[in-house]
Amino acid sequence: MTPSLAGLVDDGAQASVLIVEDDPASARVLGSILKQAGYRVSIATDGHAAIRALESEETPDLLVLDWMLPGISGLEVCHWARERWNALALPILMVTAKTDPESAYAAFDAGASDYIPKPFRGAEIRARIAAHLRTKRLVEERVRLEEHLREREKLSALGLVASGVAHDLNNPLAVIGAQAQILLRGAPDEATEAGLREILAGVERCTRIVGDLLGFARRHPLERKPVDVADVLRATVELRHGDLRAAGIHPVLEVPGSLPPVVADAHQLQQVFLNILINAEQALREGGRTLRVAATVDGAVLTAGASAESPRTSVGDGAAGAATVRIDISNDGPAIPPDVLPQIFDPLFTTKSADEGTGLGLAISRRIVREHGGEIECRSDDAGTVFSIRLPVGITAPHQEMHGR
């Protein structure tokens, strides 16, 4: 979560600040100062309310904490928060009338990131909040970059191995398939014929795996041009229409007539959407009945859904800005186990049977999205699973990279 001086994070949403202040006038002044700077502000009037707010689903980006609170003091709240979040995950600004050095030492010892005595100046508190949140952003971006570099190194090494393995497998597979075809034409009985057809089915399965490996490993230039993601979504859902109907899911597509252009390779975007739709379909075969695709741009939510009972449903919330096109593909099937969720984008990781996946689909999807300057993430709980894709809007192509290796 990253604010600038205007209080905006890089995905277009506002940075959030929780003010813990029991004096209504002080809370009102602080809230007004920060709202004018562009932050989302919530207020807690005592220590218990502050802890309840911090335990809610959305942790604030920064905590402004008064020392003197009824019930639980600000110092105790600070201790409690530091046991759960470090100073980069949750900066804490202690705002208090205590101006003696011992109080400042106690606040920092409790884990406060900064100490601002009352009466404070609005410009000062805005500047300090912006500085702490800017540091938080830089650290988070560095972590993301390091993760991306590690992923690229891992994919590079795996690409070399995959290319060699695929090449070595193609020749014997071709021989096995050709010999089985010859023997099939002269099969003396039904049992032999059935056995040969099983061999050919196995060869076909291996050929598909080799194709996935080559697709993962091979480098070729990206063909990027302005693409309307709405057209790609319509085409992708249409491809799966028959399979969804056969699985008992009634597909209904609702996308806008057009979306702001994304500079992309349309075929690769379709591959990403197709991989995720197939994963959702397979999850729904184990339970649940709703498949939903939502596209969000500049605060407007547009949906494409597939549901047996509710074919048209609007979900999601708008973003404050038009920097990205966001696509959410969700289903209400069984949740992905928490210990599995962090691994789903790892190459060759799969929980499916050998007949259903090679563990490359989501790895390829993440690489494609990142090569287009976007991000993909997955959330999963008892309500279902959501894959969220963000792609930058614009008419200038990102840096041209080679796909695969």
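Conventions used here
- Residues numbered from 1 in each chain as written.
- Predicted model: local features only at pLDDT ≥ 70, side-chain atom pairs only at ≥ 80, totals over all residues.
- Heavy atoms only, no water.
- Salt bridge = Lys/Arg side-chain N within 4 Å of Asp/Glu carboxyl O.
- Helix = DSSP H or I, 4+ residues; strand = E, 2+ residues; numbered from the N terminus.
- Buried < 20%, exposed > 50% of the residue type's maximum accessible area, 1.4 Å probe, protein only.
- Phe/Tyr/Trp six-rings, centres within 6.5 Å; stacked < 30°, edge-to-face > 60°.
- Axes fitted to C-alpha atoms, helices over the stretch in contact; angles between N-to-C directions.
- Parallel < 35°, antiparallel > 145°, perpendicular 65-115°, else oblique.
- Contact = heavy atoms within 4.5 Å.
- Nonpolar A, V, L, I, M, F, W, Y, C, P; charged D, E, K, R; others polar.
- pLDDT = per-residue confidence, 0-100.
- Core = buried A, V, L, I, M, F, W, Y, C linked by side-chain atoms within 4.5 Å.
- Pairing = 2+ DSSP bridges.

1. Comments concerning the pattern of salt bridges
Two side chains bearing opposite charge may form a pair once their charged atoms approach each other closely.
For step 1, the next point in the chain: Under the definition given, this model contains 16 salt bridges.
For step 2, the next point in the chain: Where Glu193 meets Arg197, a salt bridge forms, and the shortest distance between an N and an O atom there is 3.1 Å. Of this pair, Glu193 and Arg197 both sit in helix H6 (residues 190–217), separated by 4 residues, roughly a single helical turn.
For step 3, the next point in the chain: Under the relative-accessibility criterion, Arg197 is labelled partly exposed at 47%.
For step 4, the next point in the chain: Here the salt bridges do not stand alone but share partners, grouping Asp114, Arg121, Glu124 and Arg128 into one network.

2. Some points on the packing of aromatic side chains
For step 1, the next point in the chain: Taken as a whole and assessed by the stated rule, the structure comprises 3 aromatic pairs.
For step 2, the next point in the chain: Here the aromatic rings of Phe108 and Tyr115 are separated by 6.4 Å at their centres, their planes lie at 45 degrees, and the arrangement is tilted.
For step 3, the next point in the chain: We classify Tyr115 as buried; its relative accessible area is 10%.
For step 4, the next point in the chain: When the ring of Phe345 is compared with that of Phe387, the centres are 6.2 Å apart and the planes differ by 85 degrees; the resulting orientation is edge-to-face.

3. Some details on the packing of helix H3 (residues 74–82) against helix H4 (residues 101–110)
For step 1, the next point in the chain: Between H3 and H4, the shortest axis-to-axis distance is 8 Å and the interhelical angle comes to 25 degrees. Classified by the interaxial angle, the pair formed by H3 and H4 is roughly parallel. Contact with H3, carried on its side by Leu75, Cys78, His79 and Arg82, involves Ala106, Ala107, Asp109 and Ala110 of H4 and no other residues of that element.
For step 2, the next point in the chain: For the contact of H3 with H4, the residue count by class is 5 nonpolar, 1 polar and 2 charged.

4. Observations regarding the confidence of the model for the protein
The predicted structure's coordinates, where accompanied by low pLDDT, should not be read in detail.
For step 1, the next point in the chain: Of all residues in the protein, 77% have pLDDT values of 70 or greater, and the mean over the chain is 78.
For step 2, the next point in the chain: In this model residues 1–13 is a low-confidence stretch, pLDDT under 50, and it forms 37 contacts with partners more than four residues away in sequence or in other chains.
For step 3, the next point in the chain: Note that residues 397–405 has pLDDT below 50 and, in this model, 36 contacts with residues that lie over four places away or in other chains.

5. Some points on the nonpolar core
For step 1, the next point in the chain: Residues Val229, Phe273 and Ile327 are the most contacted members of the largest nonpolar core, which totals 39 residues.
For step 2, the next point in the chain: At the level of secondary structure, the elements contributing two or more residues to this core comprise helix H7 (229–246), strand S9 (262–264), helix H8 (266–284), strand S10 (290–297), strand S12 (324–331), helix H9 (361–371), strand S13 (375–381) and strand S14 (384–392).
For step 3, the next point in the chain: Leaving out residues up to four positions away in the same chain, Val229 has contacts with Leu259, Val262, Leu269, Phe273, Val325, Ile327 and Leu391.
For step 4, the next point in the chain: Within the second largest apolar cluster, 26 residues are counted, among which are Ala44, Trp85, Ala104 and Ala107.

6. Structural notes on the side chain of Asp66
For step 1, the next point in the chain: Positionally, Asp66 belongs in strand S3 (residues 62–66).
For step 2, the next point in the chain: In this structure Asp66 touches Val20, Glu21, Asp22, Gly74, Met94, Val95, Thr96 and Lys118, once residues within four positions along its chain are discounted.

7. Topic: the pairing of S14
For step 1, the next point in the chain: The element S14 is extensively covered by neighbouring structure, given that 7 of its 9 residues are classed as buried.
For step 2, the next point in the chain: Where S12 and S14 come together, 8 bridges link them in antiparallel fashion. Bridge pairing links Ile327 to Ile389 in S14.
For step 3, the next point in the chain: In the sheet, S13 pairs with S14 via 7 bridges, with the strands oriented antiparallel. Bridge pairing in S14 links Ser380 to Thr385.
For step 4, the next point in the chain: Linkage of S13 to S14, two consecutive antiparallel strands, is achieved through a turn of 2 residues.

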